[in-house]
Amino acid sequence: MKLNLLSFVVPALISKAGRVSHSGANVAQWALLPTDCGGEEPPPITSTLQISKLMYCFGQLRAIVRKHEKTFNEDLSNRRKKRAGLVEFDTPALVDTRNSAANPFPAAKMNNPVTAAAILEFLKKNQKHIRQEEGEDFQFVRSGEENGDDIPHMAGFLEELGRDFDAEILEFDDEHTDVGLRNTLVYSVVVNRTSKRITVVFRGSVMKVKDWVVNARLIRTTIRTPPIIREFTGERNLKIAKGTADYLLRKPIMEDEPKMEQIINVLKEVYAFKDESTGRDYSDYSLYVTGHSLGGALAQLSAFVLAGSEKTAFIPKPINAISFASPIVGTSGFLKEYQKLERDGKLRHIRVSNHHDIVASQPGNRYKQTGVNFHVKAGEKMEVAYLNPKSARSLLRLGSVNDAHALYGEIGYYPHIYAKDENENLFNKDVLDKSIEQLYDEYAEL
């Protein structure tokens, strides 16, 4: 019995309505993330999900403002203006910095950073045009349409985090996302001054055929060692999934550099940044890389490059990757080089997989898992082990593929990570409370 991603995942991702389901970015439900950590910094997985939530939220608001802000769409025909329902948002510059004069990070496509506080302020000021109920994405409300008195759900999440969540989006690259089949990579760079972390967040697969074309290519072909990896491994025959490598390491249409080079250039400016007036200095901040689904595969590969390349000597090591529902990136040669960086203390990877999610077992065959695995299940403690490969046969349950791959839902990742017993105690608290280094000391077989 031969199982592969195309056999089960693609059919399962087609809903009854005939559209690809949005498995990776139901941001509203991320408001369920724990925010009360007893005055302590939240554990790595929780902190990473909070940052990811901020990125997804910002991306949705940015898209709404771009499409419906009157002053950004003056060149549209009258017919298209009417169709778009253009409005004048209150202070759109809080989330769209295109007209900002300041540009502290010239390599970034954003003209100015956007803080979590600015997003909260925008949501409060524009409540009449932004709707978000619990469990739902943001929706645009046209002028004259009825909107409730409740503030968007995300605003409540940001208010609860308060000043202890001193986070700022430094880069959000969603340019050229509608051109060609290789241009839907969306990533963000976020600094959290509370935890002294910089996080690169990759968006997962969403409701675009282009993303799922790349997902299919994950199992169809491999490529030999890309030049940027050959520079620090010396190996010419490291086989890596072509879809993931192309997204990250190949120059996109309409751009001058591969995304990996763009990310390194932004990080170089961030780590060199110093502001005497505020005392801000990010040179000793830890670097985290994260993503879900396709974004998780990109997180694995980019962390590998960031940990090994001489171009990133300015970044404190280790590079910490936390991936959710990630397909496998490379074969045994890739794993061997990955482990070299782990042994040298340059790279750490926490790979979160969910029972019945066969995407996290693909492409299978010669491909090899990396990192310390958190394998979560319903109603019991997670399984924690190094590498911990699972076959598609052992995970498959027909009718549950898409639900198990999603971050939320009854059998999704979140409810299993934060599952509670009958006394309302977290099953996995002892594991979640550990630092990444503690987890590696305990579980990594290096």
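Note that the coordinates shown come from a computational prediction; the quantities given were computed from them, not determined experimentally. Per-chain numbering applies: the sequence of each chain, read as written, is numbered from 1 onward. Only residues with pLDDT of at least 70 get local features here, since the model is predicted, and only at 80 or more are side-chain atom pairs given and counted; chain-wide, interface and lining totals rely on the full set of residues. Calculated side-chain values reflect all of the structure's heavy atoms, with hydrogen atoms and water omitted.

Caption draft 1: View of the overall build of the protein chain. Numbered from the N terminus, helices here are DSSP runs of H or I no shorter than four residues, and strands are runs of E no shorter than two. A count of helical and extended segments in the protein chain gives 16 helices and 17 strands. The rule is simple: take the accessible area with a 1.4 Å probe, protein chains only, and divide by the maximum for that residue type; under 20% is buried, over 50% is exposed, in between is partly exposed. A total of 446 residues make up the protein chain; the buried ones form 57% of that total. Contacts: residue pairs with any heavy atoms within 4.5 Å of one another. A sequence separation of at least 24 residues applies to 67% of the contacts in the protein chain between residues at least 6 apart. For the area figures, the Shrake-Rupley method with a 1.4 Å probe applies, and any residue is considered shielded solely by the protein chains shown. Looking at the protein chain as shown, the accessible area adds up to about 19,100 Å², and 46% of this sits on carbon and sulfur atoms.

Caption draft 2: Representation of the packing of aromatic side chains in the model. Pairing of aromatic side chains here covers Phe, Tyr and the six-membered ring of Trp, requires ring centres within 6.5 Å, and sorts the geometry by plane angle: under 30 degrees stacked, over 60 edge-to-face, intermediate tilted. For the structure shown, the criterion picks out 13 aromatic pairs. Each ring, one from phenylalanine 58 and one from phenylalanine 172, has its centre 5.3 Å from the other, and the planes form 85°; the classification is edge-to-face. You can see phenylalanine 58 sitting in helix α2 (residues 44-68) and its partner phenylalanine 172 sitting in strand β4 (residues 167-173), a full 114 residues away along the chain. Assessed through its relative accessible area of 4%, phenylalanine 172 is described here as buried. Ring centres of phenylalanine 304 and tyrosine 338 lie 5.6 Å apart, and the angle between their planes is 5°; on these two criteria the pair is classed as stacked. Of this pair, phenylalanine 304 sits in helix α10 (residues 294-308) while tyrosine 338 sits in helix α11 (residues 332-343); the two residues are 34 residues apart in sequence, bridging distant segments of the chain. Classification of tyrosine 338 as buried rests on a relative accessible area of 0%. Here the aromatic cluster, defined as three or more aromatic residues joined through ring pairs, consists of Phe105, Phe273, Tyr282 and Tyr285. Positioned above the aromatic ring of phenylalanine 72, the side-chain terminus of arginine 98 is 3.8 Å from the ring centre. By definition here, charges over rings are those cases where NZ of Lys or CZ of Arg is within 6 Å of the ring centre and within 35 degrees of the ring normal.

Caption draft 3: Seen up close, the nonpolar core. By convention a nonpolar core is built from buried Ala, Val, Leu, Ile, Met, Phe, Trp, Tyr and Cys residues, the set being connected through side-chain atoms within 4.5 Å. Within the largest apolar cluster, 48 residues are counted, with the highest numbers of intra-cluster contacts made by Ile198, Phe202, Leu267 and Leu301. Broken down by element, this core gets its largest block of residues, 10 residues, from α10. Among all residues touching leucine 301, those that are not within four sequence positions of it are Ile229, Ile240, Thr244, Ala245, Leu248, Leu249, Val329 and Phe334. Counting 36 residues, the second largest nonpolar core, distinct from the first, contains Phe89, Leu94, Phe122 and Ala155.

Caption draft 4: The arrangement of helix α16 (residues 436-443) in detail. Those residues of α16 that fall on the buried side of the exposure criterion are Ile436, Leu439, Tyr440 and Tyr443. Taken end-on, α16 shows its buried residues confined to a sector of 100°, consistent with a single buried face. The arc in question is the one traced by the directions running from the helix axis out to the C-beta atoms.

Caption draft 5: How the structure looks around unusual backbone geometry. Looking along the chain, the bond that leaves lysine 317 and enters proline 318 is cis, with omega of 10°. Mapped onto the elements, proline 318 comes out in the loop between α10 and β12 (319-324). Backbone torsion omega between glutamine 362 and proline 363 reads 10°, so that peptide bond is classified as cis. Mapped onto the elements, proline 363 comes out in the loop between β14 (347-354) and β15 (367-368).

Caption draft 6: Up close: the environment of lysine 70. Looking at where lysine 70 falls in the secondary structure, it is placed in the loop between α2 and α3 (78-84). Each C-alpha atom of the pair lysine 70 and alanine 84 lies 9.5 Å from the other, and the pair is 14 residues apart in sequence.

Caption draft 7: Spatial organisation of the side chain of glutamate 261. Relative to the elements of secondary structure, glutamate 261 occurs in helix α9 (residues 259-272). For glutamate 261, a relative accessible area of 17% translates into the label buried. Polar contact is defined as a pair of N or O atoms within 3.5 Å, subject to the rule that within protein one atom must be able to donate a hydrogen and the other to accept it, and that residues adjacent in sequence are counted only when both atoms are side-chain atoms. Here lysine 311 takes part through its side chain, which lies 2.7 Å from a polar atom of the side chain of glutamate 261. Residue contacts for glutamate 261: discarding those within four places in its chain leaves Ile228 and Lys311.

Caption draft 8: Geometry of the environment of arginine 203. For arginine 203, the position within the fold is in the loop between β6 (197-202) and α6 (209-220). Residue classification places arginine 203 among the buried residues on the basis of a relative accessible area of 15%. Sequence-wise, arginine 203 and threonine 290 are 87 residues apart; in three dimensions their C-alpha atoms are separated by 8.9 Å.

Caption draft 9: Layout of the sheet that holds strand β5 (residues 187-192). Here we have 9 strands laid out as an open sheet, ordered β1-β4-β5-β6-β11-β12-β14-β16-β17, and mixed in their pairing. A strand with exactly one partner marks an edge of an open sheet, and here the two such strands are β1 (114-115) and β17 (383-386). In short, DSSP must find at least two bridges between two strands for them to pair. Judged from the 5 bridges that link them, β14 and strand β16 (residues 372-376) form a sheet pairing that is parallel. Looking at the pairing, isoleucine 350 lines up with valine 372 of β16. In this analysis, axes come from line fits to C-alpha atoms, helices being fitted only over the stretch in contact, and the angle between any two N-to-C directions falls in the range 0 to 180 degrees. Helix-sheet contacts for α11 involve β14 and β17, and the interaxial angle to β14 is about 120°.

Caption draft 10: The pairing of β5, seen in detail. Burial runs high along β5: 6 of the 6 residues are buried. On β5, burial covers both faces: Tyr187, Val189 and Val191 on one face and Ser188, Val190 and Asn192 on the other are all buried. Here β4 pairs with β5 via 6 bridges, running antiparallel. Bridge assignment links phenylalanine 172 to a residue of β5, and that residue is serine 188. As defined by bridge partners, β5 adjoins β6 across 6 bridges and the pair is classed as antiparallel. Bridge pairing in β6 places tyrosine 187 opposite phenylalanine 202. Remark: 4 residues form the turn of the hairpin made by β5 and β6, two consecutive strands paired antiparallel; lysine 196 in that turn has positive phi of roughly 55°.

Caption draft 11: Representation of the environment of isoleucine 228 within the structure. With respect to the helices and strands, the residue isoleucine 228 is situated in helix α7 (residues 227-233). The class of isoleucine 228 is buried, set by a relative accessible area of 10%. A C-alpha to C-alpha distance of 7.6 Å links isoleucine 228 and valine 305, two positions 77 residues apart in sequence. Ignoring anything within four residues of it in the chain, the contact list for isoleucine 228 reads Leu249, Met260, Glu261, Ile264, Val305 and Lys311.

Caption draft 12: Fine view of the pattern of salt bridges. By definition, a salt bridge exists where a carboxyl oxygen of Asp or Glu is found within 4 Å of a side-chain nitrogen of Lys or Arg. Evaluated as defined, the whole model comprises 26 salt bridges. A salt bridge links aspartate 173 to lysine 259; its shortest N-O distance comes to 2.6 Å. Residue aspartate 173 is located in strand β4, and its partner lysine 259 is located in helix α9; the two are separated by 86 residues in the primary sequence. Accessibility classification places aspartate 173 together with lysine 259 in one group, the buried group. Salt-bridge contacts for lysine 377 lead to glutamate 383; the nearest nitrogen and oxygen are separated by 3.7 Å.

Function cannot be inferred from these measures alone, as they are strictly geometric.
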